[in-house]
Amino acid sequence: MKRIYTSVIEQHLEKNEQMLFLTGPRQVGKTTLVKDLMQKEHCSYFNWDNLDDKKTILEGYDAITKNLHLEQLAITKPLLIFDEIHKMPDWKNFLKGFFDTFKSQLNIIVTGSARLDVYQKGGDSLMGRYLLYHQLPISVAECIRCSFRTEEFVLPENIDDITWFALFKFGGFPEPFLKRDMLFLNQWQNLKHNQLFREDVRDLSKIRDLAQCELLATILQQQATQLVNYSSLAKHIRASDKSIQTWLSALRSLYYCFFVHPWSNNIPRALIKEPKCYLWDWSTINNQGARVENFVACHLRKAVMFWTDIGLGKYELYFIRDKDKNEVDFLITRDEQPWILLEVKCSANAAITPALYKFQEKLGVKHALQLAFDMPYFDKDCFALERPMIVPMRTFLSQLI
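Throughout what follows, the structure given in this document is the object of discussion. (Residues numbered from 1 in each chain as written. Predicted model: local features only at pLDDT ≥ 70, side-chain atom pairs only at ≥ 80, totals over all residues. Heavy atoms only, no water.)

So, on to the side chain of Thr65. By the element assignment, Thr65 lies in helix α4 (residues 61-65). A distance of 3.0 Å separates a polar side-chain atom of Thr65 from the backbone oxygen of Tyr61. (Helix = DSSP H or I, 4+ residues; strand = E, 2+ residues; numbered from the N terminus. Polar contact = N/O pair within 3.5 Å; in protein donor to acceptor, adjacent residues only side chain to side chain.)

As structure tokens, this is what we get:
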């Protein structure tokens, strides 16, 4: 299955000199994607987890570039790919030196299943030397089209029923989505879970209580879409609030889950503390209503990260809830200004939530929509609507990324 990220990488390599950092969840298809590029380019690939590749990397720059024939004039730059290089001690300084030496001779891609952007803190020695992109699970729009574009949204296009329900049931990770087999999905989920805690959490964090962190992940699966209550989680797991926050930070860094924080600007009596937690693999959520909301949250999170990555602006995803119990599931902001309000419902028979009217007027938001999971597709541009309206979820999501 071709992914939109192929076009993103091609655009980057054509226009930019900086290294391309590609990050995202384990088994989302990053390695498959970059290896496909090797068919088109004079390319070398090194995976830190491969012992032979690790030995070559440690031997130094000459060993790494040996087969790239940099002494030969070429129409296009050779491509060098480092996979999971962030596991290497002092990897940032290694890449800094490598890039500064070969930036005019090579295109460089760095991939990893941990959040490479977690290292974007003060004093980052790589600042200005790379551009970051996030490869995330398959979405409705990506099932329909995968060409690169610079518009935030496009006209709707229908996704067939079989693909729509398969995406909802099997999740957006390529292998289980394409196989569409429940026995395989169960095996795949167990393996992915074991890899997360037996390898990633252990290797990339200082967490010692892996069993408690694993229990936390199980609880998050049961409480997906709910507010994160650190004290309640700490009491349930018999750990400190600080430990819970540390473990949650690790799980977010490894793309097990993500937070959506409350929006409080210009909202009287707004709740401004606890975020909501969502899982990147919505297929693990058993509750239908929670899975539907999580399904939408992943699509929206993917969209705002993609738009930000390619330079359209700064986009964020929030929810709104005040102390009077008025709530809207999602608010998308563009350059820190409220832009789109979205409420999620399983049924088209549910009345429009009054909070959509209230917060649209209060925030001056252009679009306020209620997405219905069971509503059949119809060919109408959801972004042409400027007053609260119930629309098919599949129509709206088809217009995103």
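Ranked by size, the top nonpolar core spans 70 residues in total, and within it Trp307, Met393 and Phe396 carry the most contacts. In terms of residue count, the dominant contributor to this core is helix α13 (residues 288-309) (11 residues). When sequence neighbours within four positions are dropped, the list of residues in contact with Trp307 reads Glu151, Glu152, Leu312, Gly313, Tyr315, Ile332, Trp339, Leu400 and Ile401. (Core = buried A, V, L, I, M, F, W, Y, C linked by side-chain atoms within 4.5 Å. Buried < 20%, exposed > 50% of the residue type's maximum accessible area, 1.4 Å probe, protein only. Contact = heavy atoms within 4.5 Å.)

What follows concerns the sheet that holds strand β12 (residues 389-392). The seven strands lie next to each other as β7-β6-β8-β9-β10-β11-β12, forming an open sheet whose pairing is mixed. Only two strands of the sheet have a single neighbouring strand rather than two, namely β7 (276-279) and β12. On average, each strand axis in the sheet is tilted by 35° relative to the strand beside it, whichever way the strands run. Strand direction decides the pairing type here: strand β6 (residues 257-262) and strand β8 (residues 315-321), joined by two bridges, are parallel. Each bridged residue has a counterpart across the sheet, and for His261 the counterpart in β8 is Tyr318. (Pairing = 2+ DSSP bridges. Axes fitted to C-alpha atoms, helices over the stretch in contact; angles between N-to-C directions.)

This next bit is on the pattern of salt bridges. When the charged atoms of two side chains lie near each other, side chains of opposite charge can form a pair. For the structure on display, the rule yields 19 salt bridges. Salt-bridge contacts for Arg3 lead to Glu142; the nearest nitrogen and oxygen are separated by 2.6 Å. Within this pair, whereas Arg3 is found in the segment before α1 (4-15), its partner Glu142 is found in helix α6 (residues 140-144), the two being separated by 139 residues in sequence. Of the two residues examined, Arg3 and Glu142, each falls in the buried class. Linking Arg334 and Glu152 is a salt bridge whose minimum nitrogen-to-oxygen distance equals 3.0 Å. Here Arg334, found in strand β9 (residues 327-334), pairs with Glu152, found in the loop between α6 and α7 (161-170); they are 182 residues apart in sequence, far enough to count as distant. Overlapping salt bridges, with partners in common, bring together Lys276, Glu293, Arg321 and Glu327 in one network. (Salt bridge = Lys/Arg side-chain N within 4 Å of Asp/Glu carboxyl O.)

The strand order β2-β3-β4-β1-β5 describes an open sheet built from five strands, whose pairing is parallel. The strands lining the two open edges of the sheet, one partner per strand, are β2 (43-47) and β5 (130-134). Strand after strand, the sheet turns through a mean of 20° between neighbouring axes, direction not considered. Pairing of strand β1 (residues 19-23) with strand β4 (residues 107-112) involves four bridges; the strand directions are parallel. Across the sheet, residue Thr23 finds its bridge partner in β4, namely Gly112.

For the rest of this paragraph, the subject is the state of the cysteines. Considering all chains together, one arrives at zero disulfides under this definition. Its sulfur unpaired, Cys146 is 10 Å from the next cysteine sulfur, which belongs to Cys143. Judged by relative accessible area, Cys146 falls into the buried class, the value being 19%. The thiol of Cys277 is unpaired, and the distance to the nearest cysteine sulfur, on Cys257, comes to 4.0 Å. Classification of Cys277 by relative accessible area gives buried; the value is 2%. (Disulfide = S-S within 2.5 Å.)

Attention now moves to helix α12 (residues 241-253). Taking 1.5 Å of rise per residue, 13 residues should cover 18 Å, and α12 covers 18 Å from first to last C-alpha, within 8% of that figure. Among the residues trailing α12, Tyr255 stands out with phi positive, at a value near 60°. (Expected span 1.5 Å × (residues − 1).)

Moving on, we get to α7. The periodicity of an α-helix, 3.6 residues per turn, causes residues three or four places apart in sequence to face the same way. Here α7 has its buried residues at Thr163, Trp164, Ala166, Leu167, Phe168 and Phe170. If you check the start of α7, you find a side-chain oxygen 3.2 Å away from the backbone N of Ile162, and it comes from Asp160. After α7 finishes, the residue Gly171 shows a positive phi value of roughly 85°.

The subject of this paragraph is the packing of aromatic side chains. Counted under the stated rule, the structure contains 27 aromatic pairs. Aromatic side chains Phe21 and Trp91 sit 6.3 Å apart centroid to centroid with 40° between the ring planes, which places their arrangement in the tilted category. In this pair, Phe21 sits in strand β1 while Trp91 sits in helix α5 (residues 91-102), placing the two residues 70 residues apart along the sequence. Like Trp91, Phe21 is buried. Taken together, Phe46, Tyr61, Phe82, Phe94, Phe98 and Phe102 form an aromatic cluster joined through their ring pairs. Across the ring face of Phe319, the terminal group of Lys276 is positioned such that the distance to the ring centre comes to 4.9 Å. Lying across the ring of Phe168, Arg291 places its NZ or CZ 5.5 Å from the centre. (Phe/Tyr/Trp six-rings, centres within 6.5 Å; stacked < 30°, edge-to-face > 60°. Lys NZ or Arg CZ within 6 Å of the ring centre and 35° of its normal.)

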